[in-house]
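Here are the chains, one letter per residue:
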2 protein chains.
Amino acid sequence: MSEREAERSVSQTVRAQLALRDMILSGRLRPGERISELQAVDITGVSRTPVRLALVRLEDEGLLQAIPSGGFMVKAFTERDILDSIELRGTLEGLAARFAAERGVSARSLEPLKECLGDLDQLVRQDPISVEAFSAYVTMNARFHALLNELSASAPLIREIDRVSALPFASPSAFVMAQSALPEAHQILLLGQDHHRIVVDAIENREGARAEAVMREHSRLAARNLRLAIRNRTHLELMPALALLKSSVE
Amino acid sequence: MSEREAERSVSQTVRAQLALRDMILSGRLRPGERISELQAVDITGVSRTPVRLALVRLEDEGLLQAIPSGGFMVKAFTERDILDSIELRGTLEGLAARFAAERGVSARSLEPLKECLGDLDQLVRQDPISVEAFSAYVTMNARFHALLNELSASAPLIREIDRVSALPFASPSAFVMAQSALPEAHQILLLGQDHHRIVVDAIENREGARAEAVMREHSRLAARNLRLAIRNRTHLELMPALALLKSSVE
DNA sequence: ATCCCTTATAGTGTATACATACTGTACCCT
DNA sequence: AGGGTACAGTATGTATACACTATAAGGGAT
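An account of the accompanying structure is given in this report.

Rules and cut-offs
Residues numbered from 1 in each chain as written. Chains lettered and ligands numbered in written order. Predicted model: local features only at pLDDT ≥ 70, side-chain atom pairs only at ≥ 80, totals over all residues. Heavy atoms only, no water. Salt bridge = Lys/Arg side-chain N within 4 Å of Asp/Glu carboxyl O. Helix = DSSP H or I, 4+ residues; strand = E, 2+ residues; numbered from the N terminus. Buried < 20%, exposed > 50% of the residue type's maximum accessible area, 1.4 Å probe, protein only. Expected span 1.5 Å × (residues − 1). Least-squares fit on C-alpha atoms with pLDDT ≥ 70 in both. Contact = heavy atoms within 4.5 Å. Patch = residues over 30% accessible without salt bridge, like charges linked within 9 Å, V, L, I, M, F, W, Y side chains within 5 Å. Areas by Shrake-Rupley, 256 points an atom, 1.4 Å probe, with all protein chains shown as cover. Phe/Tyr/Trp six-rings, centres within 6.5 Å; stacked < 30°, edge-to-face > 60°. Lys NZ or Arg CZ within 6 Å of the ring centre and 35° of its normal. Axes fitted to C-alpha atoms, helices over the stretch in contact; angles between N-to-C directions. Parallel < 35°, antiparallel > 145°, perpendicular 65-115°, else oblique. Left-handed = near helix turned anticlockwise from the far one by under 90°. Nonpolar A, V, L, I, M, F, W, Y, C, P; charged D, E, K, R; others polar. Pairing = 2+ DSSP bridges. Arc of directions from axis to C-beta. Buried area = accessible area lost by both parts, 1.4 Å probe. Polar contact = N/O pair within 3.5 Å; in protein donor to acceptor, adjacent residues only side chain to side chain.

**A short note on the pattern of salt bridges**
Overall, the coordinates contain 39 salt bridges over all chains when judged by the stated rule. Among the ionic pairs, A:Glu204 bridges to A:Lys114, the shortest N-O distance being 2.7 Å. Remark: A:Lys114 occurs in helix α6 (residues 107–125) and A:Glu204 occurs in helix α10 (residues 185–204); sequence separation between them is 90 residues. The partly exposed category is assigned to A:Glu204, whose relative accessible area is 41%. Its salt-bridge partner being A:Glu212, residue B:Arg216 comes within 2.7 Å of it at the nearest N-O pair. Placement of the pair is B:Arg216 in helix α11 (residues 208–232) and A:Glu212 in helix α11 (residues 208–232), with the two residues belonging to separate chains.

Take a look at the structure:
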């Protein structure tokens, strides 16, 4: 399929949403800045109707904020907001792990998770870890978390986790790439992988409290990465999400 | 202000949203049923543009589900979904209470909460409790929970709590009115009020774990109410939210 | 000089017409 | 008789014109 056809296959609304999200995350639209519908029309090239839907969706996503008198502005986040969002995700993933453990999961449904765990093991075993391996880790890590959440078998919970993780700085892999530039990188990856192993073990043995606790702690690794990366300041380009910070650290 | 003027003061979008929500919660639109935009236009009397926005908002709210090929249908919930949503709210409110306790709150900001606690005390002290008092309890209870959540001083967390609580069966007061018809009513209300007292105490003494645990347990009261009310089956009209149940219990 | 009022402008809210995609049915061909 | 295709009807997707509201700037009066 040609690129042109591929572009045609998605709706104008989705296209506008992608374009605007890109503008926001890349920092070309600054936090606090108002986005008028006409401006968004200019940016995206589609008409006001789909632009409006895209803006509503982005508000829902948490990237935009409604202005009381109408219209939208780019949402600004404090560092505290980001840390809280990470803690929030950890809490929800902890609940998912506890549900899985307490309610029990079949050996069969645990298989894909264990397989994923093995793949991650292969990746973190390298020393030093190549940039490609980091990239592969991000993908596989996202898969691991998705599988884990599904084990909760709770549609309302999964819905909320997906929602929180949609924030660019709250997803499980948000700051993994930033790690790749840090000296502590390998050690942190090994710690994270140990958490993964523990949570699978806990679920298998129906240890709800343990499963919940380790997932909460797991999210703290992301918080730690964030702080390290900000302090080092060297590889901010690996964390586009920080464009949303209220008083930019750059 | 006349009713006509009041109606004019809200946008067509909001009006459509209210009308459709009412239709869904009252059961006139059944779970799984598709809502076409034209049908929604007939129901609400506004044109397709605001109807569409209202449908998107209701999807976001969780009452509707997008159909892959386009359009929306009324979402159906299982009893498990409802119980999970209640647990979810409890977990989030627990996190809010822990944040408040760990980070500390000023005596001044705790005042409104204590005042609210006192008002609730007055209400539950009556025996038997009048229906009016039950109704007042619902209002005051909602206020207490809102104040508590604000003490977390975490915008991302409050946002999620509000979102989850917007589900008609997950809010802190969802099944309080149903209680009013139960013999166990007064006892359950007293238990709930004790939870309220404990969480304030825990926050004051910066006992994060205790504050979190009691809010989690607190949400279980709602789950208990739900089960009791369903078993008794006598006052289902007090719980309009149950219109969303997949295989209706009626 | 300052404050208020008027006016112009830009932006959102709404309605509607047109385009396109999907679905179900009926008819025809095999 | 069964299956496939074509067509009609209905749905959503999109563009645009018009209406109304908020806001800011400029001019006049005090």
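Once you've had a look at it, read on.
**Considerations on helix α5 (residues 79–103) of chain A**
Here α5(A) spans 36 Å end to end across 25 residues, near enough to the 36 Å set by a 1.5 Å rise per residue. Counting buried positions along α5(A) yields 21 of 25 residues, so the element is predominantly enclosed.

**So, the relation of the copies chain B and chain A**
Mapping chain B onto chain A calls for a rotation angle of 180° and an axial translation of 0.0 Å; the resulting RMSD is 0.1 Å. Both copies are brought into coincidence by an operation consistent with a two-fold rotation axis. When the interface residues of chain B are mapped onto chain A, 100% of them are again interface residues, pointing to one common binding face.

**Let's talk about a nonpolar patch on the surface**
A cluster of nonpolar side chains, namely A:Val10, A:Val14 and A:Leu18, defines an oily patch on the protein surface of about 210 Å² accessible area. Turning to its location among the elements, A:Val14 is positioned in helix α2 (residues 12–25).

**Remarks on the packing of aromatic side chains**
Residue and element names in this part refer to chain A. Summed over the entire model, instances satisfying the criterion amount to two aromatic pairs over all chains. With a centroid separation of 4.8 Å and 70° between ring planes, the pair formed by Phe-77 and Phe-169 is classed as edge-to-face. With Phe-77 in the loop between β3 (72–74) and α5 and Phe-169 in the loop between α8 (155–165) and α9 (176–179), the pair connects residues that are 92 residues apart, well separated along the chain. Classification of Phe-169 as buried rests on a relative accessible area of 0%. Here Arg-103 stacks its cationic end above the ring of Phe-99, 3.8 Å away from the centre of that ring.

**Observations concerning the packing of helix α5 (residues 79–103) of chain B against helix α8 (residues 155–165) of chain B**
All names here are of chain B. Contact pair α5 / α8: the axes reach a minimum separation of 10 Å and the direction vectors enclose 155°. Considered as vectors, α5 and α8 are oriented roughly antiparallel to each other. Two packed elements cross with a definite hand, and for α5 against α8 that hand is left-handed. The segment α5 lies against α8, with Ser-85, Leu-88, Arg-89, Leu-92, Glu-93, Leu-95, Ala-96 and Phe-99 engaging Leu-157, Glu-160, Ile-161, Val-164 and Ser-165. Across the contact of α5 with α8, the residue classes break down as eight nonpolar, two polar and three charged.

**Some points on the sheet that holds strand β1 (residues 34–35) of chain B**
Whenever strands of a sheet pair, they do so through backbone hydrogen bonds, lying parallel or antiparallel. All names here are of chain B. Ordered in space as β1-β3-β2, the three strands form an open sheet in which the pairing is antiparallel. Every other strand in the sheet has two partners, leaving β1 and β2 (64–66) as the edge strands with one partner each. When β1 meets strand β3 (residues 72–74), the two strands line up antiparallel, connected through two bridges. Along β3, the bridge assignment pairs Arg-34 with Met-73.

**Here's the deal with the sheet that holds strand β2 (residues 64–66) of chain A**
Residues and elements named next belong to chain A. Here we have three strands laid out as an open sheet, ordered β1-β3-β2, and antiparallel in their pairing. Both edges of this open sheet fall to β1 (34–35) and β2, since each of them pairs with a single strand only. Taken together, the three bridges between β2 and β3 define a ladder with antiparallel strand orientation. Bridging across to β3, Gln-65 finds its partner in Met-73.

**Some details on helix α3 (residues 37–44) of chain B**
Residues and elements named next belong to chain B. Within the sequence span of α3, burial applies to Glu-37, Ala-40 and Thr-44. Across the axial projection of α3, the buried residues extend over an arc of 55°, all falling on one side. For α3, the exposed residues lying more than 90 degrees away from the buried face are Leu-38 and Asp-42. On its buried side, α3 packs onto α2 (12–25), β1 and α4 (48–61). Of the residues one or two after α3, Gly-45 is the one with positive phi, at around 80°.

**Side note on the interface of chain B and chain A**
With 32 residues of chain B at the contact, the number on the chain A side is 32 residues. Buried surface at the junction of chain B and chain A, summed over both partners, amounts to about 2,700 Å²; 49% is from carbon and sulfur atoms. Where chain B meets chain A, there are 11 salt bridges. At the junction of chain B with chain A, the criterion picks out 14 residue pairs in polar contact (both at pLDDT 80 or more). Sorting the residues of the side of chain B that touches chain A by element identifies α4, α5, α8 and α11 of chain B as the ones contributing at least two each. Take the side of chain B that touches chain A: its biggest share by element is 12 residues, from α5(B). Tallied by class, residues from the side of chain B that touches chain A come to 10 nonpolar, four polar and 18 charged.

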